[in-house]
Amino acid sequence: MSACRDEDPRIHGIKTKIRVVPNFPKPGIMFQDITTLLLDPKAFKDTIDLFVERYKGKNISVVAGVEARGFIFGPPIALAIGAKFVPLRKPRKLPGQVISEEYILEYGRDCLEMHVGAVEPGERALVVDDLIATGGTLCAAMNLLECVGAEVVECACLIELPELKGRGRLKGKPLYVLVEYQ
Amino acid sequence: MSGCRDEDPRIHGIKTKIGVVPNFPKPGIMFQDITPLLLDPKAFKDAIDLFVERFKDNNISVVAGIEARGFIFGPPIALAIGAKFVPLRKPRKLPGEVIFEEYVLEYGSDCLEMHLGAVEPGERVLVVDDLIATGGTLCAAMNLLERVGAVVVECACLIELPELKGRGRLNGKPLYVLVEYQ
């Protein structure tokens with residue numbers, strides 16, 4: 001696994017805490033498991049700190065986290081930078097009025113929902129998930145936010161799978177990741 | 001909605017940020033929606049601070065959070081008290097070796113899983129979820145932890161529905177909540 005250029009010394013410790021599980025959830029997939037990172041308080045804190053250092057002072061008022069692992073990383077970042085946390089959820093989980101965005105999977109489709117009124121026009125938003133693969137989910141997340149008039153400042157993930165070219169599917173928006181898995 | 005006795009001044013602000021959505025997910029249920037709390041950075045921080053103040057000097061080395069809303073509150077608490085975060089998940093989400101605990105729902109049953117090796121014998125654990133209703137899910141969570149030899153110190157939720165008597169289903173373990181919904 002390689003990291004980004006200009007590697008902060010904390011990156012190495014984070015990288016070593018990500019466990020790769022072969023053939024999960026199906027044969028041929030090398031699953032990037034972040035739960036082992038969560039078992040190391042220092043590495044978990046370093047992860048959050050790296051994002052917070054990048055985003056504090058940038059007038060970001062919304063951190064949107066993609067269910068479910070985006071719920072682990074998004075809220076600590078939101079709390080530290082004084083932003084709202086907005087959960088982006090699978091269908092029928094959020095009560096009340098929602099807007100939804102469908103997106104394509106390898107086989108079939110899925111859907112992401114956000115509460116109407118959670119984000120106001122003109123708000124500056126960060127989208128957080130644990131990993132970017134093809135970029136389909138992040139793209140759906142960005143669409144939801146832009147649909148209500150928010151500005152997506154950046155997408156932030158711990159891990160990128162560069163071979164899947166997700167970075168190019170973010171409608172020109174920047175992506176910040178801590179580690180790449182080659 | 002009432003708060004707990006000896007009410008900390010921050011509780012009122014938190015209480016006002018919990019939305020009640022009637023007839024969700026089905027007729028007759030008054031759903032307690034914590035998402036408005038997450039949209040108020042001060043109220044969200046106050047909620048986390050209240051838990052952190054209670055648990056930080058208790059030698060707790062594990063915070064276990066129940067998917068998915070326990071993933072929003074558990075990690076900030078874990079980070080602040082220097083504990084590991086252990087996600088307790090629906091079936092087939094965690095890669096690698098897991099143990100599972102089945103529990104009874106109103107109609108049918110469900111199942112909670114935890115990674116083998118995430119928690120060691122003798123570790124002191126806090127279990128976190130957004131709400132306790134009948135206590136079935138929390139009880140399953142506690143069983144998972146006790147089966148690997150951990151000590152559940154307390155269960156912590158934002159909201160309790162006291163009429164459903166979940167507090168009495170926690171194997172005698174204490175429960176700490178911020179607000180009760182009557």
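This is a predicted model, so every value here is computed, not measured.

Comments concerning the overall build of chain A
Argument step 1. Helix and strand counts for chain A stand at five helices and ten strands.
Argument step 2. The C-alpha atoms of chain A give 16 Å as radius of gyration, which agrees with the globular expectation for 182 residues (16 Å, within 12%).
Argument step 3. Along the three orthogonal principal directions, the C-alpha set of chain A runs to about 40 × 40 × 30 Å.
Argument step 4. Counting every position in chain A, which comprises 182 residues, the buried fraction comes to 54%.
Argument step 5. A sequence separation of at least 24 residues applies to 58% of the contacts in chain A between residues at least 6 apart.
Argument step 6. Counting every atom, chain A has about 7,900 Å² of accessible surface; 51% of that belongs to carbon and sulfur.
Argument step 7. If the 24 positive side-chain charges of chain A are averaged to one point and the 24 negative ones to another, these points end up 1 Å apart.

With respect to the UniProt feature "domain: Phosphoribosyltransferase" (unreviewed entry) in chain A
Argument step 1. In this numbering, the UniProt entry assigns the feature "domain: Phosphoribosyltransferase" (unreviewed entry) to residues 41-163 of chain A.
Argument step 2. Helix makes up 32% of residues 41-163 of chain A and strand 35%, whereas the separation of the span's terminal C-alpha atoms amounts to 30 Å.

Brief notes about the environment of Val153(A)
Residues and elements named next belong to chain A.
Argument step 1. Relative to the helices and strands, Val153 resides in strand β9 (residues 151-160).
Argument step 2. On a C-alpha basis, the gap between Val153 and Tyr55 in space is 9.7 Å, while along the polypeptide they are 98 residues apart.
Argument step 3. Ignoring any residue separated from it by four or fewer positions in sequence, one finds Val153 in contact with Ile60, Arg124, Ala125 and Pro174.

Quick look at the interface of chain A and chain B
Argument step 1. Every contact between the two is made by 34 residues of chain A and, on the other side, 33 residues of chain B.
Argument step 2. Taken as a group, Leu39(A), Leu79(A) and Pro95(A) account for 21% of the area that chain A buries against chain B, more than any other trio of residues on that side.
Argument step 3. Summed over the shared surface of chain A and chain B, the result is zero salt bridges.
Argument step 4. Our enumeration of links across chain A and chain B arrives at six residue pairs in polar contact (both at pLDDT 80 or more).

Side note on the UniProt feature "domain: Phosphoribosyltransferase" (unreviewed entry) in chain B
Argument step 1. The UniProt feature table records "domain: Phosphoribosyltransferase" (unreviewed entry) at residues 40-163 of chain B.
Argument step 2. What you have in residues 40-163 of chain B is 31% helix and 35% strand, and the ends, taken at the C-alpha atoms, are 28 Å apart.

Thoughts on the pattern of salt bridges
Argument step 1. This structure, assessed with the given rule, holds 31 salt bridges over all chains.
Argument step 2. The salt bridge partner of Asp8(B) is Arg10(B), with a shortest N-O separation of 2.9 Å.
Argument step 3. Taking the relative accessible area as the measure of exposure, Asp8(B) reaches 23% and is therefore partly exposed.
Argument step 4. On the basis of relative accessible area, Arg10(B) is assigned to the buried category, the value being 19%.
Argument step 5. Shared partners join several salt bridges into a network, and the residues in it are Asp8(A), Arg10(A) and Glu53(A).

Regarding the pairing of strand β4 (residues 62-66) of chain A
Residue and element names in this part refer to chain A.
Argument step 1. Across the five residues of β4, five count as buried, placing the element largely inside the fold.
Argument step 2. Alternating residues of β4 divide into Val62, Ala64 and Val66 and Val63 and Gly65, and every residue in both groups is buried.
Argument step 3. Pairing between β4 and strand β5 (residues 84-88): five bridges, direction parallel. Within β5, the position partnered with Ala64 by the bridge is Val86.
Argument step 4. Between the parallel elements β4 and β5, the chain passes through helix α4 (residues 70-81) in a crossover that is right-handed.
Argument step 5. Two elements, β4 and strand β8 (residues 124-132), share four bridges in a ladder whose sense is parallel. Of the residues in β8, the one forming a bridge with Gly65 is Val128.

Describing the side chain of Thr47(A)
Argument step 1. With respect to the helices, strands and loops of the structure, Thr47(A) is situated in helix α3 (residues 41-55).
Argument step 2. According to the relative accessible area criterion, Thr47(A) is buried, its value standing at 0%.

Let's talk about α4(A)
Argument step 1. In this model, α4(A) (twelve residues) spans 16 Å end to end at C-alpha, consistent with the 16 Å of a helix rising 1.5 Å per residue.
Argument step 2. Of the positions making up α4(A), those classed as buried are Gly70(A), Phe71(A), Ile72(A), Phe73(A), Gly74(A), Pro75(A), Pro76(A), Ile77(A), Ala78(A) and Ile81(A).

A few points about the packing of α3(A) against α4(A)
Residues and elements named next belong to chain A.
Argument step 1. Following both chains from N to C, one finds α3 and α4 inclined at 50 degrees, their axes separated by 9 Å at the closest point. The pairing of α3 with α4 is recorded here as oblique in orientation. Handedness of the α3/α4 crossing: right-handed. Contact residues: α3 offers Phe44, Thr47, Ile48, Phe51, Val52 and Tyr55, while α4 offers Ile72, Phe73, Pro76, Ile77, Ala80 and Ile81.

Observations concerning the packing of aromatic side chains
Residue and element names in this part refer to chain A.
Argument step 1. Scanning the entire structure with this criterion turns up ten aromatic pairs over all chains.
Argument step 2. Consider the rings of Phe44 and Phe73, whose centres lie 5.8 Å apart with planes at 85 degrees: the pair is edge-to-face. Remark: Phe73 occurs in helix α4 and Phe44 occurs in helix α3; sequence separation between them is 29 residues. One exposure class covers both Phe44 and Phe73, and it is buried.
Argument step 3. A connected cluster of aromatic rings, assembled from ring pairs, spans Phe51, Tyr55 and Tyr176.

Some points on helix α3 (residues 41-55) of chain B
Along an α-helix, a turn takes 3.6 residues, which lines up residues three or four apart on a common side.
Residue and element names in this part refer to chain B.
Argument step 1. Over its 15 residues, α3 extends 21 Å from the first C-alpha to the last, a length consistent with the 21 Å expected when each residue adds 1.5 Å.
Argument step 2. Within α3, burial applies to Ala43, Phe44, Asp46, Ala47, Ile48, Leu50, Phe51, Val52 and Phe55.
Argument step 3. The distance from a side-chain oxygen at the start of α3 to the backbone nitrogen of Lys42 is 3.0 Å, and the residue carrying that oxygen is Asp40.

Rules behind the numbers
- Residues numbered from 1 in each chain as written.
- Chains lettered and ligands numbered in written order.
- Predicted model: local features only at pLDDT ≥ 70, side-chain atom pairs only at ≥ 80, totals over all residues.
- Heavy atoms only, no water.
- Helix = DSSP H or I, 4+ residues; strand = E, 2+ residues; numbered from the N terminus.
- Rg over C-alpha atoms; globule rule 2.2 N^0.38 Å.
- Buried < 20%, exposed > 50% of the residue type's maximum accessible area, 1.4 Å probe, protein only.
- Contact = heavy atoms within 4.5 Å.
- Areas by Shrake-Rupley, 256 points an atom, 1.4 Å probe, with all protein chains shown as cover.
- Lys, Arg positive; Asp, Glu negative; His and termini not counted.
- Charge placed at Lys NZ, Arg CZ, Asp CG, Glu CD.
- UniProt positions renumbered as here; feature names shortened; annotations may be inferred.
- Buried area = accessible area lost by both parts, 1.4 Å probe.
- Salt bridge = Lys/Arg side-chain N within 4 Å of Asp/Glu carboxyl O.
- Polar contact = N/O pair within 3.5 Å; in protein donor to acceptor, adjacent residues only side chain to side chain.
- Pairing = 2+ DSSP bridges.
- Right-handed = clockwise from strand over helix to strand, strands pointing away.
- Expected span 1.5 Å × (residues − 1).
- Axes fitted to C-alpha atoms, helices over the stretch in contact; angles between N-to-C directions.
- Parallel < 35°, antiparallel > 145°, perpendicular 65-115°, else oblique.
- Left-handed = near helix turned anticlockwise from the far one by under 90°.
- Phe/Tyr/Trp six-rings, centres within 6.5 Å; stacked < 30°, edge-to-face > 60°.

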